[in-house]
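# A closer look at the structure
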Amino acid sequence: VLLRPGGGARPDPQRARGEPAEGGSWAGGSASAELRWAGAESGGPGLWRQEPGQPAEAWCGAGWREAVTAAAGALQAGGLVAVPTDTVYGVACLAQDSAAVRSIYSLKGRNGAKPLAICLGDVERLYRYCHVNVPDELLRDLLPGPVTLVLKRSEELNKDLNPFTSLVGVRIPDHPFMRDLARACPGPLALTSANISSQGSTLTVLVSFCHPSGMSLGQLGRAPGCLS
């Protein structure tokens, strides 16, 4: 997970490995990663950074709870967090925080008429924010997974999120970190791809710079894109 500069705590070296979250996988088990801390002493910007080439267990175990706590704290403080999903890197904020939602549009240069999806940790939470007109069994066949369901929104959802439509896209990514992060937050996340609007999706991490919003970003574009 790629957090705002200075977010999170350095992991205990004795807890550098552990078991993945129950039922978890990295991109359906097709990719691997290492979670490491790029702190000030190593010249890094002070954030968690995912690197390819190591078993998924290392990603899931090293500093897992610290990373979830740091990301949830940044979100609840009104920040944006760059996150891994089961498809591409994403940018998330609290969907119920109108100012944070506006920040995502500003960050990406996104057309205000283009909606944002919401992200939840479990199917059960979907019923609070959406009017569900499909069988629960079908929902559980599709979610979690790399799909977006379009449902009628409920009155519980922030009226400033996609105010131009009565529908909302819903994601429950098949990625253990994203599900843990969503569960740690008081409401749904607003989630979109981590790229400049209309450019290619971000698939890799290369270099970083600091956006004025306070979020650490890279050159967001076609693979190999950058985000840190």
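Small disclaimer: the values here were computed from a predicted structure and weren't measured.

Analysis parameters
Residues numbered from 1 in each chain as written. Predicted model: local features only at pLDDT ≥ 70, side-chain atom pairs only at ≥ 80, totals over all residues. Heavy atoms only, no water. Salt bridge = Lys/Arg side-chain N within 4 Å of Asp/Glu carboxyl O. Helix = DSSP H or I, 4+ residues; strand = E, 2+ residues; numbered from the N terminus. Buried < 20%, exposed > 50% of the residue type's maximum accessible area, 1.4 Å probe, protein only.

### Considerations on the pattern of salt bridges
Under the counting rule described, the total for this entry stands at eight salt bridges. Between Asp86 and Arg171 there is a salt bridge, with the nearest N and O atoms lying 2.6 Å from each other. Here Arg171 lies in strand β8 (residues 167–171) and Asp86 lies in the loop between β3 (81–83) and β4 (90–94), a separation of 85 residues in the sequence. Neither residue differs from the other here; Asp86 and Arg171 are each classed as buried. Here Arg183 ties to Asp180 by a salt bridge, and the two come within 3.0 Å at their closest N and O atoms. Within this pair, Arg183 and its partner Asp180 are both found in helix α6 (residues 176–184), separated by three residues, close to a single helical turn.

### Comments concerning the environment of Thr204
If you trace the backbone, Thr204 turns up in the loop between β9 (189–193) and β10 (209–210). Separated by 116 residues in the primary sequence, Thr204 and Val88 have C-alpha atoms spaced 8.8 Å apart.

### Details of the environment of Ser103
Among the structural elements, Ser103 can be located in helix α3 (residues 98–108). What makes Ser103 partly exposed here is its relative accessible area of 30%. Between the C-alpha atom of Ser103 and that of Leu80, which follows or precedes it by 23 residues, the distance is 7.8 Å.

Everything listed is a geometric property; what it means functionally is a separate question.
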